[in-house]
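# Observations on the three-dimensional arrangement
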Amino acid sequence: MNDEGAPRAGASTERPRFARTLQERILWGASALLLVVCAVLIARRFAGPAPAPLPESAKAAALATIPLAVPQPPASDWLLAHFVAPLPAQGEPPADWTPIEGRLDAAACGACHVRQLEDWQSSWHAQGMGPGVVGQLLDGPEIADAATCQRCHAPLAEQLVAPDDDGTAAALRGDGLSCAGCHVRDHTRSGPPKADGTAPMEGAPHDGFVAQEAFGDARFCQSCHDFEAGQRTLEGKLLQETWAEWARTDYAQDGVSCQDCHMPEGRHLWKGVHDPDMVRSAFTATATWARAGEKLTASLEVTNTGAGHRFPTYTTPQITLRMEQLDAAGAPIAGTSREGAIARRVKPDLTEELFDTRLLPGERHVLAYDAPLSPLATAVRAVVECWPDEGYSRFYTIKLRDPDWAPNGRALIRTALERANASRFVAWEQTDPLP
Ligand code: HEC
Ligand code: HEC
Ligand code: HEC
Ligand code: HEC
Ligand code: HEC
């Protein structure tokens, strides 16, 4: 499967064969749900210049060429109805409920479900209507249709703000993807079967709940983390296909679901690419240096040993590999640095994939180093940096150059840009004496 074409100088991605597989593929995208790609809508309005072309590089294969690890049953009817878009309004709560039982805001649920509220507040689901999203909605349908975006970011009918809203919908929208977005339909609560196997309690608040195995199913997350077949693809790959990536891995074969890694012990934290410890758990890095006369050669290898899909899975994060020589003060010496990237880089108008060096589990990316030894060098360093929102930084920067873009949302977009710029962190680093 090493067919990704001419690798970029100094970088290559090795792909093991996915040998234990059944020649089974499922057409899972034929559902009636019309999920619309956020990025495609953003791109429709894109008017900025194209970025400088990057060197030809490794191209991660289209998933259609990689068989599923095990056959995947289609999503259940219950799940398809649960995440139908748009969601119907909940209607009036039962007349015998206390006011708090009928409320849909996360704070109300948290009055009783304290731990879930605390966890959720720290998660990106709670940030679903952050400045980057709202900033793009304030300027009306010509920038983005609210219902289209909120289908994943704040899916309740009650979260859609009408022109005559008295503030109720706007407040609920601020919750982003809240408890009710995943757990409440028609005022009925559903959740995973209880861990001790007992039936839902009689006479519990909100008339108890309906137990659904689907809460433990990776398909539950697929509803929002994969676009549907037929939507925008580049090089045969959808712009979001996390579930489809996972379905090709040994994790799927071994029954390790999204929830096992992202909701350990049912915790509602959903840590991902923005969390340094989570990112550190995704990969193993090794740096080796050698000296031949006045030349230094080296390699930095990064292997996906912990992410249950491509590392990273989306087009927006960038993992940067860097090797450099250091002077006596520990500062990098100009001209000695070499870099490589693990990312799926697409043009901001989404018309072209420039490179895709992301790694399925077991795959490895190698940055090769070959440079003259600087007379100032006293040590060498290898670094793996994670920039979760690199793609958003580029997108907002280009868009803000247009003075007519998003007149009402600009202030929020600037906030989003600052946050995207500040999202970088060092995930791994190793300094060695000169070899
Ligand atoms: C099919 C589900 C889906 C739809 C529809 C969708 N998004 Fe997203 N969006 C996601 C997911 C999942 C993420 C997190 C992963 C990522 O960063 O790509 C995300 C992340 C984002 C982010 C970065 C995080 C943040 O809060 O700043 C922005 C901005 C965004 N979306 C804007 C939009 C806009 C605008 C629309 C409508 C045009 C939209 N999205 C429609 C699923 C969706
Ligand atoms: C993105 C969807 C999603 C959101 C948002 C969400 N949950 Fe959950 N919730 C789940 C899933 C999935 C499970 C099952 C987790 C498992 O068993 O591994 C679950 C489990 C639960 C349980 C069962 C006990 C437990 O913790 O495992 C309760 C209670 C619960 N959620 C309440 C809440 C409350 C309250 C909120 C808001 C503060 C919330 N949920 C937000 C998806 C969600
Ligand atoms: C007045 C307290 C109270 C409020 C408010 C409340 N709940 Fe509950 N909820 C409970 C209790 C008690 C149970 C346990 C029922 C049982 O054990 O059978 C429960 C059960 C659940 C379950 C099932 C847990 C499981 O084991 O699968 C979910 C999901 C849930 N609630 C979600 C919510 C959501 C979402 C909200 C807000 C929209 C909410 N609850 C508001 C008290 C409350
Ligand atoms: C209703 C749609 C929806 C469902 C269902 C959903 N998500 Fe999300 N998820 C989103 C959106 C939208 C974002 C981005 C929020 C933002 O920052 O704007 C997101 C963000 C995340 C992130 C954080 C990514 C980061 O950038 O760090 C993780 C991890 C995640 N989801 C995992 C899951 C898992 C696991 C499940 C299944 C249990 C799940 N999600 C179910 C819509 C959803
Ligand atoms: C074996 C553990 C594991 C499994 C299974 C897994 N993930 Fe992840 N996931 C990770 C790790 C580790 C990261 C952080 C590194 C990264 O960003 O890829 C991550 C990152 C993410 C992110 C952040 C965005 C990004 O660009 O990386 C999202 C969203 C996400 N996972 C969703 C899912 C969904 C949905 C599933 C199921 C279809 C799933 N994950 C299955 C371990 C796992």
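Refer to the structure presented above.
Residues numbered from 1 in each chain as written. Chains lettered and ligands numbered in written order. Predicted model: local features only at pLDDT ≥ 70, side-chain atom pairs only at ≥ 80, totals over all residues.

Here we take up the overall build of the chain. Broken down by element type, the chain carries 16 helices and 15 strands. Partitioning the contacts of the chain with sequence separation of at least 6, the portion at a separation of at least 24 is 72%. (Helix = DSSP H or I, 4+ residues; strand = E, 2+ residues; numbered from the N terminus. Contact = placed C-beta atoms within 7 Å.)

Taken together, 26 residues surround ligand 4, and among them Cys221, Cys224, Cys258, His262 and Gly272 come closest. Elements that contribute at least two residues to the shell around ligand 4 include exactly α7 (146-153), α9 (179-183), α10 (218-225) and α13 (258-262). When residues in the shell around ligand 4 are grouped by element, the largest group, 5 residues, is from α10. (Near = placed C-beta within 6 Å.)

The next thing to look at is α7. The buried count for α7 comes to 7 of 8 residues, which makes it a mostly enclosed element. Those residues of α7 that sit buried are Ala146, Thr148, Cys149, Gln150, Arg151, Cys152 and His153. (Buried ≥ 20, exposed ≤ 12 C-beta atoms within 10 Å, placed from the backbone.)

A few words on the nonpolar core. Nonpolar side chains tend to gather and get buried jointly when the protein is soluble and globular. Judged by nonpolar contacts, the single largest core of 31 residues is most densely connected at Leu300, Ile342 and Val384. When residues of this core are traced back to their parent elements, those giving at least two are β7 (283-292), β8 (295-304), β9 (318-326), β10 (338-342), β13 (364-372), β14 (379-387) and β15 (425-433). For this core, the leading source of residues is β14, giving 6 residues. Excluding residues that lie within four positions of it along the chain, valine 384 makes contacts with Ala285, Val302, Ile319, Leu321, Ala427 and Trp428. (Core = buried A, V, L, I, M, F, W, Y, C linked by C-beta atoms within 7 Å.)

The subject of this paragraph is the sheet that holds strand β3 (residues 188-191). The strand order across the open sheet built from 3 strands is β2-β3-β4, with neighbouring strands paired in mixed fashion. Where the open sheet ends on each side, the last strands, each with one partner, are β2 (184-185) and β4 (210-211). (Pairing = 2+ DSSP bridges.)

This brings us to unusual backbone geometry. With an omega dihedral of -5 degrees, the bond running from alanine 85 to proline 86 counts as a cis peptide bond. Mapping proline 86 onto the fold places it in the loop between α2 (77-82) and α3 (99-102). For the peptide bond that leads from phenylalanine 311 to proline 312, omega is -10 degrees, which places it in the cis range. Tracing the sequence through the fold places proline 312 in the loop between β8 and β9.

On to the sheet that holds β10. Strand order in the open sheet formed by 4 strands is β10-β9-β14-β15, with antiparallel pairing between adjacent strands. The open sheet is flanked by β10 and β15, the only strands paired with a single partner. Strand-to-strand twist across the sheet, computed as the mean angle between neighbouring axes with direction ignored, equals 15 degrees. One ladder, built from 8 bridges, connects β14 with β15; its direction is antiparallel. Paired with valine 384 across the bridge in β15 is tryptophan 428. (Axes fitted to C-alpha atoms, helices over the stretch in contact; angles between N-to-C directions.)

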